[in-house]
Amino acid sequence: MKTPAHPQARRIQAMAPRYMQTFRCVGADCVESCCGSWSIAIDERTYKRYQTIRIEPLASQLRHHVQRHADPASAHGAYASISLKMDEMCPMLDSDRLCSIQKSLGAEALSGTCNDYPRMYVHDGQHLGLCASLSCPEAARLALSDASALDMSEISLDINPELAPALHRRRDPFPSAEEPDLVRRHAPMLATLLDALVRLDSLTAEQALVYGGLLWRRIAALGEPGSAAASDAALEQVLDQFLRPDSLSRAAELVQGLPVPKEAQFSLLLGACQRFMREHGGRASFRALMDEVSQGLLLGESMEVCLARYQDADQQVLRPFLAQHPHLLKNYTLNALQAAVFPRRGTAELQTEYMDLAVRLALIRFYLVGLAALRGPAFGVNDVIRAVYGVARNIEHNRRFMPGVMQLLQERGALRLEVLATLLL
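Just so it is clear, the structure is predicted and the values come from calculations on it, not from any experiment.

The rules behind these values
Residues numbered from 1 in each chain as written. Predicted model: local features only at pLDDT ≥ 70, side-chain atom pairs only at ≥ 80, totals over all residues. Heavy atoms only, no water. Helix = DSSP H or I, 4+ residues; strand = E, 2+ residues; numbered from the N terminus. Rg over C-alpha atoms; globule rule 2.2 N^0.38 Å. Buried < 20%, exposed > 50% of the residue type's maximum accessible area, 1.4 Å probe, protein only. Areas by Shrake-Rupley, 256 points an atom, 1.4 Å probe, with all protein chains shown as cover. Lys, Arg positive; Asp, Glu negative; His and termini not counted. Charge placed at Lys NZ, Arg CZ, Asp CG, Glu CD. Salt bridge = Lys/Arg side-chain N within 4 Å of Asp/Glu carboxyl O. 1 Å grid on protein atoms, 1.4 Å probe; cavity = no way out; pocket = protein on both sides within 12 Å on 5 of 7 lines; lining within 4 Å. Points joined across faces, edges and corners; volume = space filled by probe spheres on them. Nonpolar A, V, L, I, M, F, W, Y, C, P; charged D, E, K, R; others polar. Axes fitted to C-alpha atoms, helices over the stretch in contact; angles between N-to-C directions. Parallel < 35°, antiparallel > 145°, perpendicular 65-115°, else oblique. Left-handed = near helix turned anticlockwise from the far one by under 90°. Contact = heavy atoms within 4.5 Å.

Draft legend 1. How the structure looks around the overall build of the protein chain. Helix and strand counts for the protein chain come out as 19 helices and eight strands. At 23 Å, the protein chain has a C-alpha radius of gyration in line with the 22 Å of a compact globule built from 425 residues. When the 425 residues of the protein chain are sorted by exposure, 52% land in the buried category. Looking at the protein chain as shown, the accessible area adds up to about 19,400 Å², and 51% of this sits on carbon and sulfur atoms. Once the 45 positive and 47 negative side-chain charges of the protein chain are each reduced to a mean point, those two points are 4 Å apart.

Listed below in structure tokens is the structure:
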């Protein structure tokens, strides 16, 4: 939702992808409202303001539904919240599916969560950044539909001092030459390199992440204690080896030559999805997506039948489609990189950070194969958009989803940069 200009608003600059310049909440016209199925965090300032409201029936609704937490730490830092059951809509919505708080009191009365979403403010140690969570259907549509949607530019933001947005992710301030950790010391440069790799026309999003994974493996091996000058010199050699023009011209061939056991890929990704469904169920849209994937991949049949269906849909439908629309998964990946502020930590955490990004793309691609199997020639851009926001809603708004997936991959020895090709190609 857009915050109106405040009399004392402060104008600041932020780096943002092009689609953020046109994003607007579509309210009741949204195909899947953000006002449901999760706990809505209420900050202390907003909670105390709600206690002063005397307009009925709004005042009674607020007192009944907004519950303060005795221990905010146990509620992930939320001072209070409106807790909703799975598939339950926010009780503050009126009969037109519009927010009664905003209609009665204005956008400035919304909590930080409601006011910011789906906007995500990040800081890379040098600049403020702004992007959107693609769990929002409208944001996903804008970010994925246009090939230039992830072109970056500086935009002006009028920030209401009473509603200053919270940072979604933050990298430590620009490191000095004395920073002992190699990755922290060169984080801004490494982030720029990965962004450039994903944007290369010669690589698909999946190929770029696999090639980047080969690079990160080499860089992680340089992170052993030693002199900064020596590790910097070694880093320069590795970057030259991977990024000089003749290496990049052969990158796609190199990546495609890596062994990819499709049965292992299918088993890993299907197992992760089914485990989550068994333990948590997921939102209605996610369950519907999984049902269609199940139909497309004939999951009730034998493993041989399912695997053959999976491989055929991948080769005959999805790959040709993505070759015609390469920006779809590239834009998703570029948006994910900005939201994650990768690399945000140090050398020791590099593999875990990168695998988290790669596994998210692998899961989305798995669902796309299932939808391609079901739709056949009718598979299109809207299927990609739906899969992205459907999966993103469970990844970003269920704190158990990714830990569960990562745990399963860890148990199977697949949470390593060495198996990126198995997951993504």
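On we go from here.
Draft legend 2. Inspection of the pattern of salt bridges at higher detail. Applying the stated rule across the entire model yields 24 salt bridges. The salt bridge partner of Asp 151 is Arg 18, with a shortest N-O separation of 3.8 Å. Here Asp 151, found in the loop between helix H5 (137–145) and strand S7 (152–159), pairs with Arg 18, found in the loop between strand S1 (10–17) and strand S2 (40–42); they are 133 residues apart in sequence, far enough to count as distant. For Arg 18, a relative accessible area of 41% gives the class partly exposed. In this structure, the salt-bridge partner of Arg 416 is Glu 418, at a minimum N-O distance of 3.8 Å. The structure contains a network of salt bridges with shared partners spanning Glu 206, Lys 262, Asp 314, Arg 319 and Arg 365.

Draft legend 3. Representation of empty space enclosed by the protein in the model. Applying the stated criterion across every chain, the model contains two cavities of 30 Å³ or more. When its volume is computed, the largest cavity comes out at roughly 50 Å³. Taken together, Ala 272, Arg 275, Phe 276, Glu 279, His 280, Arg 400, Phe 401, Gly 404 and Val 405 make up the full set of residues lining the largest cavity. When contributions to the lining of the largest cavity are tallied by element, the ones reaching two or more residues are helix H12 (262–280) and helix H18 (401–411). Here the lining of the largest cavity gets five residues from one element, more than from any other, and that element is H12. Among the residues forming the lining of the largest cavity, the class breakdown is four nonpolar, two polar and three charged. The calculated volume of the second largest cavity comes to roughly 30 Å³. Forming the walls of the second largest cavity are Leu 209, Tyr 332, Thr 333, Ala 336 and Leu 357. A total of three residues in the lining of the second largest cavity trace back to one element, the largest contributor, which is helix H15 (residues 327–340). Here the residues of the lining of the second largest cavity are counted per class, giving four nonpolar, one polar and no charged.

Draft legend 4. The arrangement of the packing of helix H16 (residues 350–375) against helix H17 (residues 381–396) in detail. It is at 10 Å that the axes of H16 and H17 come closest, and there the two elements cross at 140°. Between H16 and H17, the crossing angle belongs to the class labelled oblique. Crossing angle aside, the handedness with which H16 passes H17 is right-handed. On H17, the residues that touch Arg 360, Ile 364, Tyr 367, Leu 368, Leu 371 and Arg 375 of H16 are Asp 383, Val 384, Arg 386, Ala 387, Val 388, Val 391, Ile 395 and Glu 396.

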